[in-house]
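Fold and contact review
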Amino acid sequence: MLTSNILKGVTRGFPLKIKADKVENVSVDYNRDFITRIIPRIEYDALRAAVNDLGLNESLPETMPEAVQQDDEFLKTMHKVLLEYEIEEGELICPETGRKFPISKGIPNMLLQETEVS
Amino acid sequence: MNYQNRAQPDVLEQIYVHDVYNRLDSTTLTQDTTAWPNVRKFLNRIASQNKNALVADVGCGTGKYIKLKSDLFTIGCDRSNQLCEIAREKYSHIPIVIADNLYLPYRDNLFDAVLSIGVIHHLTTHQRRLKAIQECLRILKLNGGQLLIYTWAMEQKQRQFSSQDVLVPCSNQQSRSVDIIRDKSSWSSSCHIQENLLRRIEQVDSQTKKTATTTTLSMLESMQNLFQRIIKPASSTPSTPKLSHQDQLKFRLRPFPMSSFDDEQINLNPCNNRFYHVFKQGELEMLIEEASKAIAGAKIIKSYYDHGNWCAIVQRDIDVGLL
């Protein structure tokens, strides 16, 4: 899910909407330091939207807590959402153009057609 | 393969880079597991300066640098879906995306570090190589993000490239590059390949019922130009004048040589050859400087030669850019 927060579509194309057909749960070692560092780079609203798209049973507050470092529960939820959900099959949809980028075997295909390139 | 609506350099790269990589069997591809020591050092430094840094490996192949360091979060992208799939099988749940170096699907100013190891030398024109570097710089964070580029050097100890644009056989890493034509029969086989490629292009054009003439002609020209460019003249003629780096390849007729490699099986079959533009000393720096004009704060901080590659580290620092 971290990947989907980094990816963008054709020109501005962010955030990409996710349509997941197959989601896998992965177990990843919790690295508090990593999560604390990565959070400032996350587009938080986009992440919440992604959680919504996937219908995950995770609750992320509407706005990020002020003292993120101290909020262990929030950090653990972020860890889960960012690293422990893998979309194996599905689509990423560009908000600008509606263009669908397929995800197959866990790999998004972000290649553009010649006609989409200015 | 549908060639309609494709620009010429694109088609050349499709045939001599992407199709070749996609055709190689997975054992050949997974054999390449050696990490360049200096790339490893670069990553070590990035990790020590920014713990749990975010890194992008552009043109990551089978992912050898992605899982190299557990104290970095590296996301890979590659043009070849086959390579991405192999990487994903090798390292389960590795973050990897199929993408084009010229249109990186990443947000701006995001990564602590970007790797471009042995990638941009596969791009057939100056403009495309330039754009690739600009894309890599665009996604670097504004306060000290670093890009490491490795490209194959023209200046080599063990071999001699007679031209900067070459086709290299990929079955054997030690093979000599195809930059000399052996004799007339090889030339006719290469002509044959040209004809086949052109027939395919024409077929596609006629299928779309468009007037194929201009497209086919320009395709034909660029194919011819590519073959001409990589064919070296006889040793008695003076050394090739520098080919200017332009998008339109210049056409030059040259006489054919006597080969100095008698025992060599030269094969211009696209199945076996990958396109490389090998870099001359100073060329990479010039390219980076040109690319940096469009990207705020980018500056070369180190350039060096490593095992047959010209290498450079480019740092992005918005404060420096404002000076």
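Residues numbered from 1 in each chain as written. Chains lettered and ligands numbered in written order. Predicted model: local features only at pLDDT ≥ 70, side-chain atom pairs only at ≥ 80, totals over all residues. Heavy atoms only, no water.

Per an unreviewed UniProt entry, chain B is named Methyltransferase type 11 domain-containing protein, and its organism is Rotaria magnacalcarata.

The name an unreviewed UniProt entry assigns to chain A is Multifunctional methyltransferase subunit TRM112-like protein, from the organism Rotaria magnacalcarata. What UniProt states about chain A under its Sequence similarities (unreviewed entry) heading is, verbatim, "Belongs to the TRM112 family." (UniProt positions renumbered as here; feature names shortened; annotations may be inferred.)

A few words now on the overall build of chain B. Secondary structure summary: chain B contains 9 helices and 9 strands in total. The 323 residues of chain B split such that 56% are buried. Restricting to contacts in chain B with at least 6 residues of sequence separation, those with at least 24 account for 72%. Carbon and sulfur atoms make up 50% of the accessible area of chain B, which amounts to about 14,800 Å² in all. (Helix = DSSP H or I, 4+ residues; strand = E, 2+ residues; numbered from the N terminus. Buried < 20%, exposed > 50% of the residue type's maximum accessible area, 1.4 Å probe, protein only. Contact = heavy atoms within 4.5 Å. Areas by Shrake-Rupley, 256 points an atom, 1.4 Å probe, with all protein chains shown as cover.)

Here the focus is the pattern of salt bridges. Enumeration according to the criterion identifies 17 salt bridges over all chains in this entry. Measuring nitrogen to oxygen at the nearest pair gives 3.0 Å for the salt bridge that ties R88 of chain B to E86 of chain A. Highlighted residues: R88 of chain B in helix α4 (residues 81-90) and E86 of chain A in strand β2 (residues 85-93), drawn from two different chains. Summarising the burial analysis for this pair, R88 of chain B and E86 of chain A share the class buried. Between K105 of chain A and E85 of chain B there is a salt bridge, and its shortest N-O distance comes to 3.0 Å. One end of the pair, K105 of chain A, is in the loop between β3 (100-104) and β4 (107-108); the other, E85 of chain B, is in helix α4, on a second chain. Relative accessible area serves as the criterion here: at 43%, K105 of chain A is assigned to the partly exposed category. Residue classification places E85 of chain B among the partly exposed positions, given a relative accessible area of 28%. If you follow the salt bridges from partner to partner, you end up with R37 and R41 of chain A together with D112 and K141 of chain B in one network. (Salt bridge = Lys/Arg side-chain N within 4 Å of Asp/Glu carboxyl O.)

A separate point is the domain arrangement of chain B. Residue and element names in this part refer to chain B. What the domain assignment reports for chain B is domain 1 (27-156 + 278-322) and domain 2 (170-275). Taken together, the contact between domain 1 and domain 2 spans 10 residues of the former and 5 residues of the latter. For the pair domain 1 and domain 2, the summed buried area comes to about 710 Å², and 54% of that belongs to carbon and sulfur atoms. In terms of surface lost to domain 2, no three residues of domain 1 exceed H122, T124 and H126, which account for 45% of the buried area on that side. The tally of links from domain 1 across to domain 2 stands at 0 salt bridges. On the surface where domain 1 and domain 2 come into contact, there are 1 residue pair in polar contact (both at pLDDT 80 or more). Per-element accounting of the side of domain 1 that touches domain 2 gives the leading share, 3 residues, to helix α5 (residues 126-138). Grouping the constituent residues of the side of domain 1 that touches domain 2 by class yields 1 nonpolar, 6 polar and 3 charged. (Domains from an automatic or database assignment. Buried area = accessible area lost by both parts, 1.4 Å probe. Polar contact = N/O pair within 3.5 Å; in protein donor to acceptor, adjacent residues only side chain to side chain. Nonpolar A, V, L, I, M, F, W, Y, C, P; charged D, E, K, R; others polar.)

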